[in-house]
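# Per-entry structural report
One-letter residues, chain by chain:
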Amino acid sequence: MTSVSLLGPGDEPIVLGVTTPAAPVRVPTTRRYLMCPPEYFTVEYAINPWMDPTRPIDTGLAVEQWNALKETYERLGHRVELIEPVPGLPDMVFSANSGTVVDGRVLGSRFRAEQRGPEADHFRRWFLANGYKSVVMPERTNEAEGDFTWTGKYLLAGTGFRTDPLAHSEAQEVLGVPVISLQLVDPRYYHLDVALFVLTDDLIAYYPEAFSPGTREVLRRLFPDAVIATAEDAACLGLNAVSDGRNVILPVEATALADQLTRRGFDPVFVDISELRKSGGGPKCCTMELRN
Ligand code: ARG
């Protein structure tokens, strides 16, 4: 209860009780995800500021943490599909970077770094083997859901470090959806999905400092009620989160973000992704959403 006092000149004091609006009831929807086990995960090259090849990686621990993420999805009723990992492709666990699927149409990927290049074709073949009829491989550098996120209305599209801005118009043509280009400016937040995620069709969470001034204005116009993350939330890759409309899977360190989400009617679900973070990845990076 908050109290508001409305007092006119010469009036008797009147105190109106104003009830704080209750958080909306959030309704989860069942999702289908494509994941790749991190059997060959390691950090042997550095293509973002999180990666330090001299720092030891515990692949066994990465596998455990990834299994816990997969089991979390399954416990929440989501379906997880798997693609076979390939030796020599240590970043293949980050399946989000290999396809953008909207209404059953697939736009594949084209990686900026040569080391990740071959991943794209493994995923292309997975889509074809799994019944997808419309699979288009991009001409322009395109790191898929690393830089593209579908709100249900718009395809939000990041650029600045990986995905070519011309890949945005290519995505609009291939997927037939309105694309909104967003400019990333902080190398730690080199992909859109480490700076912003979609909570529901009309609600997102993001870290404003990861974006250029013009892009911040665009985000404010489109999503005036957005959840604004703190520097600490962003620095643990807290924005690399996955929402099903109610449950939000996010790194265990993102406590301030989780509190905000709870106040907005969401259920935060924590996962530990300490090993994958050494490569600059979190829960969302390991999760490609298959929208039909
Ligand atoms: N090491 C990987 C890279 O730099 C991490 C990719 C994380 N994926 C993501 N969707 N942000 O490409």
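Residues numbered from 1 in each chain as written. Predicted model: local features only at pLDDT ≥ 70, side-chain atom pairs only at ≥ 80, totals over all residues. Heavy atoms only, no water.

## Quick look at the overall build of the chain
Within the chain, the regular secondary structure consists of seven helices and 17 strands. For the chain, the C-alpha radius of gyration of 20 Å lies close to 19 Å, the compact-globule estimate for 292 residues. Projected onto the principal axes, the alpha-carbon positions of the chain cover approximately 80 × 40 × 35 Å. Scored against the burial criterion, the 292 residues of the chain give a buried share of 54%. Sequence-distant contacts, at least 24 apart, represent 67% of the contacts inside the chain between residues at least 6 apart. Across the chain, the centroid of the 28 positively charged side chains sits 4 Å from that of the 39 negatively charged ones. (Helix = DSSP H or I, 4+ residues; strand = E, 2+ residues; numbered from the N terminus. Rg over C-alpha atoms; globule rule 2.2 N^0.38 Å. Buried < 20%, exposed > 50% of the residue type's maximum accessible area, 1.4 Å probe, protein only. Contact = heavy atoms within 4.5 Å. Lys, Arg positive; Asp, Glu negative; His and termini not counted. Charge placed at Lys NZ, Arg CZ, Asp CG, Glu CD.)

## Let's talk about the confidence of the model for the chain
Chain-level statistics for the chain give a pLDDT mean of 95 and a share of 93% at 70 or above. Contacts from residues 1-5, a stretch scored under 50 in pLDDT, to residues over four places away or in other chains number 15 contacts. (pLDDT = per-residue confidence, 0-100.)

## Structural notes on the site of the ligand
Around the ligand, 15 residues are found, and the nearest of them are Arg 116, Arg 162, His 191, Asp 193 and Cys 285. Asp 91 is positioned such that a nitrogen or oxygen atom in its side chain is 3.0 Å from a nitrogen atom of the ligand. Here an oxygen atom of the ligand sits 2.7 Å away from a polar atom, N or O, in the side chain of Arg 116. Of the pockets mapped on this structure, the ligand occupies the largest cavity. (Near = heavy atom within 4 Å. Polar contact = N/O pair within 3.5 Å; in protein donor to acceptor, adjacent residues only side chain to side chain. 1 Å grid on protein atoms, 1.4 Å probe; cavity = no way out; pocket = protein on both sides within 12 Å on 5 of 7 lines; lining within 4 Å. Sits in = over half its atoms within 2 Å of the grid points.)

## Quick look at empty space enclosed by the protein
Taken as a whole and assessed by the stated rule, the structure comprises two cavities of 30 Å³ or more. Quantified by volume, the largest cavity comes out at close to 80 Å³. Across the lining of the largest cavity, the residue classes break down as five nonpolar, six polar and three charged. Counted as a void, the second largest cavity has a volume near 40 Å³. (Points joined across faces, edges and corners; volume = space filled by probe spheres on them. Nonpolar A, V, L, I, M, F, W, Y, C, P; charged D, E, K, R; others polar.)

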